[in-house]
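Working through the structure, step by step
Each chain, written out:
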Amino acid sequence: MQLTKYNHATVVLEQDGTTLVLDPGAFTPEAAGLVRSATAVLVTHEHPDHLDVDAVRAGLDANPDLVVRGPRPVVDQLGDHDGRVRAVEAGDTFSVGGFDIRVFGEQHAVIHPDIPVIPNVGYLVDDTVFHPGDAYLVPGVPVPTLLVPTSGPWTHTAEAVDYVREVQPERIVQIHEAMLSELGQQSTARFLGPDMLGTVPVTILAPGESITV
């Protein structure tokens, strides 16, 4: 499949005419266009950097075949659109086009004890690519390509290193990097990679750049 990285947490997966858009958030200028042309949108949680509500609603109105999956609060914000928007939780499995998707979860990482913890799920697509949302979420199954969040008020380099060591992916792609400078991205990638504390190299993709996984 082809994996294309956009700003921050937005990733697009394409295979055999099916397009999945994961976490089209407000940090992604192309979000509305990506959603309109998608087969399905998968949302890990309700925070605006992962869910641009207006963009997804507009996509649902423009594309009658579009389906959306996410935790219950996502459905509550979007509405069910005649069943095209449905809630998912840990343990669910479903198919979209040629993609088979497994759901893991269930909570956002703690930002601060004073901030309530919200639902967060991760998606394993075709047993190949895992998007954990905002959590160092260990699925407990083999993960060839792991998308690793590297910036944000909840992230921590030491925990990220331990996360990568526990999941043991074949490949790491950096996501959730909008709060890091280019130097910060490179520095974090070194900590997570084999030159320092990790085991596999970290791929840094510019917005709109694609790789085959």
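Structure's up top.
Residues numbered from 1 in each chain as written. Predicted model: local features only at pLDDT ≥ 70, side-chain atom pairs only at ≥ 80, totals over all residues. Heavy atoms only, no water.

1. A closer look at the environment of aspartate 126
As for its position among the elements, aspartate 126 is in the loop between strand E9 (119-125) and strand E10 (129-131). Setting aside residues up to four positions removed in sequence, aspartate 126 forms contacts with Met1, Gln15, Gly98, Phe99 and Asp100. A polar contact is formed between the side chain of aspartate 126 and the side chain of glutamine 15, at a distance of 3.0 Å. (Helix = DSSP H or I, 4+ residues; strand = E, 2+ residues; numbered from the N terminus. Contact = heavy atoms within 4.5 Å. Polar contact = N/O pair within 3.5 Å; in protein donor to acceptor, adjacent residues only side chain to side chain.)

2. Side note on the pairing of strand E11 (residues 145-149)
In terms of burial, E11 is largely enclosed, as five of its five residues are buried. Residues Thr145, Leu147 and Pro149 point to one face of E11 and Leu146 and Val148 to the other, with burial holding for every one of them. Note: E10 against E11, two bridges, orientation parallel. Within E11, the residue paired with phenylalanine 130 across the bridge is leucine 146. Sheet topology note: the E11/strand E12 (residues 171-175) ladder contains five bridges and is parallel. Residue pairing in the sheet places proline 149 in a bridge with isoleucine 175 of E12. Regarding the hand of the β-α-β motif, the stretch spanning E11, helix H4 (residues 157-167) and E12 is right-handed. (Buried < 20%, exposed > 50% of the residue type's maximum accessible area, 1.4 Å probe, protein only. Pairing = 2+ DSSP bridges. Right-handed = clockwise from strand over helix to strand, strands pointing away.)

3. Describing the packing of aromatic side chains
On inspection of all chains with the given rule, the structure shows three aromatic pairs. Ring geometry for phenylalanine 104 against phenylalanine 130: centres 5.8 Å apart, planes inclined by 85 degrees, an arrangement best described as edge-to-face. Within this pair, whereas phenylalanine 104 is found in strand E8 (residues 99-107), its partner phenylalanine 130 is found in strand E10, the two being separated by 26 residues in sequence. Taken individually, phenylalanine 104 and phenylalanine 130 each receive the classification buried, so the pair is uniform in this respect. Here the aromatic residues Tyr136, Trp154 and Tyr163 are joined through ring pairs into a cluster of three or more. (Phe/Tyr/Trp six-rings, centres within 6.5 Å; stacked < 30°, edge-to-face > 60°.)

4. A short note on the sheet that holds E9
Within a sheet, each strand pairs with its neighbour through backbone hydrogen bonds, oriented either parallel or antiparallel. Here we have seven strands laid out as an open sheet, ordered E7-E8-E9-E10-E11-E12-E13, and mixed in their pairing. Since the sheet does not close on itself, it has two edges, and those belong to strand E7 (93-96) and strand E13 (202-203), each with one partner. Those strands touched by H4 are E10, E11 and E12, and its axis lies near 165 degrees from that of E11. Helix H5 (residues 182-192) contacts E11, E12 and E13 of the sheet and is inclined by roughly 150 degrees relative to E12. (Axes fitted to C-alpha atoms, helices over the stretch in contact; angles between N-to-C directions.)

5. Quick word on the sheet that holds strand E3 (residues 18-22)
With mixed pairing, the seven strands of this open sheet are ordered in space as E6-E5-E4-E3-E2-E1-E14. A single partner strand is all that each edge strand has here, and the edge strands are strand E6 (85-87) and strand E14 (209-212). Recorded for the sheet is a direction-independent mean angle of 20 degrees between the axes of neighbouring strands.

6. Some words on the nonpolar core
Formed by 24 residues in total, the largest nonpolar core has its most connected members in Leu13, Leu20, Ile101 and Tyr123. Every element with two or more residues in this core is listed here: strand E2 (11-15), E3, strand E4 (40-42), E7, E8, E9 and E12. Beyond its immediate sequence surroundings of up to four residues, isoleucine 101 is in contact with Leu20, Leu42, Asp92, Thr93, Phe94, Val96, Tyr123, Leu124 and Val125. One finds Leu124, Ala135, Val164 and Ala189 within the second-largest nonpolar core, a separate group that totals 21 residues. (Core = buried A, V, L, I, M, F, W, Y, C linked by side-chain atoms within 4.5 Å.)

Note that all results are geometric; they support no functional claim without further evidence.
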